[in-house]
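Report on the structure
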Amino acid sequence: MRHPPRLSALLAGAALTMASTALAVMGTASGAAAAPACTVEYSVVGQWAGGYQGAVTVTNGGAALNGWRLGFDFPAGQVLSQGWGGKWSQSGTSVTVVNEGWNGALGTGAKVSAGFIASWTGTNTAPTAFTLNGTPCDTDAPPTPTPTPTPTTPTPTPTDPTVPPTTPPTTPPTTPTPVTGAPELTVSGNRFTDQNGATRRLLGVNRSGGEFMCVQGYGFFDGPVDDASVRAIADWKANTVRIPLNEECWLGLDNIKPEYRGANYVTAVKDLVAKVLAHGMTPVVELHWTHGQYTGNSAGCSDVHATCQKPMPDARYTPAFWTSVANTFKNDERVVFDLFNEPYPDRATSTAAQAWSCWRDGGTCPGIGYEVAGMQDLVDAVRATGAKNLVLVPGLAYSNDLSQWLTYRPTDPAGNLAAAWHVYNFNTCADETCWNSTLAPVAAQVPLLAGEIGENTCGHAFIDRVMKWFDDRGLSYLGWTWNTWNCNSGPALITSYDGTPTTFGIGLRDHLRALTS
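Given the structure is predicted, the values throughout are model-derived calculations rather than measurements.

Counting secondary structure elements, the chain contains 10 helices and 23 strands. Within the chain, the proportion of its 517 residues that are buried is 52%. Accessible surface, the chain: about 20600 Å² in total, of which carbon and sulfur atoms supply 53%.

Written out as structure tokens, the structure is:
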């Protein structure tokens, strides 16, 4: 969001198909029925032109395992691109999934699930054979008297000396229990999940101020950021706080007053992050204002310094900013990184292809007079530190356009990227028709966070529609903003930092409370 005044497809031809193949995989004991080595359910969760999302659920029918490795072959040339719920790798046609640290224990009868994204051509044939820790799993059920037990619930004979006198558990799998407090978030297909594998949504507010107060020489934040003010956010039943930052203040450039730059600024940000975490909420640290002179179409200012929203981050300072931020927080994966507030290279360039290429690759971009750091540059800067934290990547048109996000998205060796989107009632993509055509395909493949939702009406009729669309799909959103501005120009959620809402804020507050009631 720009500040007051404003302080700042469906895939063509794609068809979503569902397929599921349950494979009962059995071991054998000489001359007698044996307990099942494992049962694997392989399913195609969603399929589109050239790609699909798959899932595997493994039930251990043998002795308890402390560490597991699942192996299978893709039979039709499928190529793995990313996976979750385990460490995925592919060599030729052979695919291997090894447990993560948090799901390595697999007791007798216990289940574990993992998922992946892969490409395909021709026929998307399902694998037919699996191994668990190197032991072949035969898909042929052993001959048994009538009635024949179903493959997924084999019934051993208690009197058979080769079979333990136990019955495989028939209790259905339980939903993972969310961790207490702020989670360490991981991208699992198109969902955010925590350390327990529980699905999580990011729902909350923006706490503006860190992007503009320091560069304007007034302080670190706009209004109090003490414990009481952060507790007031939590009292709305928010679970996430987005914190906009200024790269010149963080890096300590000398155009910033000494008391508000460098180590002092970093300490203030770390202190707010700690308070957000202490109240069980997820902090999203976000780069809002950056260096670089831009005077072209839709310019927010003519200043070279980080005093307004620029069309793209700059190569001179922004990679250094993210290297520093990532090093600061990489040992706490509860902290989320939002790479850049609202890119708008589309206003500077003449074609969509130029704009999206600039967005991803940076360099010399048409219409922008400084060297640009692309989203790939920033992902690389974060990951080079060893940080595995969740990274949010915004779109074009002030983050309101995700139409080619999937085509141009950066590669991430950690596989922990999600899409960020902003919407206000005055944006171009501000109705359900646009959301269905441009957001839904993205949300089908990666988690989607509406990092800013708002309206300039001092009411909440528009965000009510946004929240319903996102709720219906299990997606995430954050209201702009937890500041006491005029809600017509802000828009602002509160009239006081004790949490007293504006009429606009009532809509978000009451909705968040209803979701958790």
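That shown, we press on.
If you walk through the whole model with that rule in mind, you get five disulfides. In this model, Cys301 is linked to Cys308 through a disulfide, with the two sulfur atoms separated by 2.1 Å. Torsion about the S-S bond of the Cys301 and Cys308 cystine: about -65 degrees, corresponding to left-handed handedness. Each member of the pair Cys301 and Cys308 is classed as buried. If one numbers only the bonded cysteines of the chain, in the order they occur, the disulfide pattern is 1-2, 3-4, 5-6, 7-8, 9-10.

Working definition: two side chains of opposite charge can pair if their charged atoms are close together. Under the counting rule described, the total for this entry stands at 14 salt bridges. One salt bridge connects Asp194 with Arg200, and the closest N-O pair in it is separated by 2.8 Å. Given the relative accessible area of 2%, Asp194 is considered buried. You can call Arg200 buried: its relative accessible area is 18%. One continuous salt-bridge network, built from bridges that share partners, spans Arg242, Glu286, Asp338 and Glu452.

By definition, the strands of a sheet pair up through backbone hydrogen bonds, in either a parallel or an antiparallel sense. The strand order across the open sheet built from three strands is S13-S14-S15, with neighbouring strands paired in antiparallel fashion. The open sheet terminates on both sides in strands that have one partner only, identified here as strand S13 (186-188) and strand S15 (199-200). In the sheet, strand S14 (residues 191-193) pairs with S15 via two bridges, with the strands oriented antiparallel. Each bridged residue has a counterpart across the sheet, and for Thr193 the counterpart in S15 is Thr199.

One finds Phe337, Trp405, Trp421, Trp435 and Phe470 to be the most contacted residues of the largest nonpolar core, which totals 104 residues. In this structure, Leu70, Ala114, Ala118 and Ala126 belong to the second largest nonpolar core, which totals 25 residues.

Note that His288 resides in strand S18 (residues 282-289). Side chain to side chain, His288 and Glu286 meet in a polar contact 2.9 Å long. Here Asn341 takes part through its side chain, which lies 3.2 Å from a polar atom of the side chain of His288.

Turning our eyes to something else, we now look at the packing of helix H5 (residues 352-361) against helix H6 (residues 375-384). Between two packed helices, the angle of one axis relative to the other and the distance separating the axes together describe the packing. Between H5 and H6, the least distance of the axes is 4 Å, while the angle of their chain directions is 15 degrees. Considered as vectors, H5 and H6 are oriented roughly parallel to each other. Two secondary-structure elements touch here, H5 through Trp359, Arg360 and Asp361 and H6 through Met375, Gln376 and Asp377. Looking at side-chain class alone, the contact of H5 with H6 contains two nonpolar, one polar and three charged residues.

Another point: the pairing of strand S8 (residues 94-98). By the alternation rule, side chains of S8 split into Val95 and Val97, which are all buried, and Ser94, Thr96 and Val98, of which none is buried. Note that strand S5 (residues 69-73) and S8 share five bridges and pair antiparallel. Across the sheet, residue Gly71 finds its bridge partner in S8, namely Thr96. Both strand S7 (residues 87-91) and S8 contribute to a ladder of five bridges, which runs antiparallel. Bridged to Trp88 within S8 is Val97.

Between its first and last C-alpha, helix H4 (residues 318-329) extends 17 Å over 12 residues, near the 16 Å set by a 1.5 Å rise per residue. Within H4, the full set of buried residues consists of Thr318, Phe321, Trp322, Val325, Ala326 and Phe329. Here the buried residues of H4 occupy an arc of 125 degrees about the axis, which is enough to place them on one side. For H4, the secondary structure elements touched by its buried residues are strand S17 (240-246), helix H2 (247-251), helix H3 (263-278), S18, strand S19 (336-338) and H6.

Let us look at the confidence of the model for the chain. On average, residues of the chain score 87 in pLDDT, and 84% of them reach the 70 mark or higher. Looking at the elements of the chain, mean pLDDT is at its lowest for strand S1 (residues 19-25), recorded as 37, and at its highest for S19, recorded as 99. Taken as a whole, residues 4-33 scores under 50 in pLDDT and shows 84 contacts with residues more than four places along the chain or in a different chain. Low pLDDT, under 50, characterises residues 140-170; the predicted model gives this stretch 25 contacts beyond four residues in sequence or across chains.

We now examine the sheet that holds S17. Read around the closed barrel, eight strands run S16-S17-S18-S19-S20-S21-S22-S23, paired in parallel fashion. Strand-to-strand twist in this sheet, taken as the mean axis angle between neighbours without regard to direction, amounts to 30 degrees. In this structure, strand S20 (residues 391-394) lies alongside strand S21 (residues 417-424), joined through four bridges in parallel fashion. Bridged to Val391 within S21 is Leu417. Running at roughly 170 degrees to strand S22 (residues 448-454), helix H9 (residues 461-472) makes contact with S21, S22 and strand S23 (476-479) of the sheet.

Spanning 14 residues, helix H10 (residues 503-516) covers 21 Å between terminal C-alpha atoms, matching the ideal 20 Å at 1.5 Å per step. Residues of H10 that are buried include every one of Phe504, Gly505, Gly507, Leu508, Arg509 and Leu512, and no others. Residues of H10 that are buried make contact with strand S16 (203-206), S22, H9 and S23.

Parameters at a glance
- Residues numbered from 1 in each chain as written.
- Predicted model: local features only at pLDDT ≥ 70, side-chain atom pairs only at ≥ 80, totals over all residues.
- Heavy atoms only, no water.
- Helix = DSSP H or I, 4+ residues; strand = E, 2+ residues; numbered from the N terminus.
- Buried < 20%, exposed > 50% of the residue type's maximum accessible area, 1.4 Å probe, protein only.
- Areas by Shrake-Rupley, 256 points an atom, 1.4 Å probe, with all protein chains shown as cover.
- Disulfide = S-S within 2.5 Å.
- Salt bridge = Lys/Arg side-chain N within 4 Å of Asp/Glu carboxyl O.
- Pairing = 2+ DSSP bridges.
- Core = buried A, V, L, I, M, F, W, Y, C linked by side-chain atoms within 4.5 Å.
- Polar contact = N/O pair within 3.5 Å; in protein donor to acceptor, adjacent residues only side chain to side chain.
- Axes fitted to C-alpha atoms, helices over the stretch in contact; angles between N-to-C directions.
- Parallel < 35°, antiparallel > 145°, perpendicular 65-115°, else oblique.
- Contact = heavy atoms within 4.5 Å.
- Nonpolar A, V, L, I, M, F, W, Y, C, P; charged D, E, K, R; others polar.
- Expected span 1.5 Å × (residues − 1).
- Arc of directions from axis to C-beta.
- pLDDT = per-residue confidence, 0-100.

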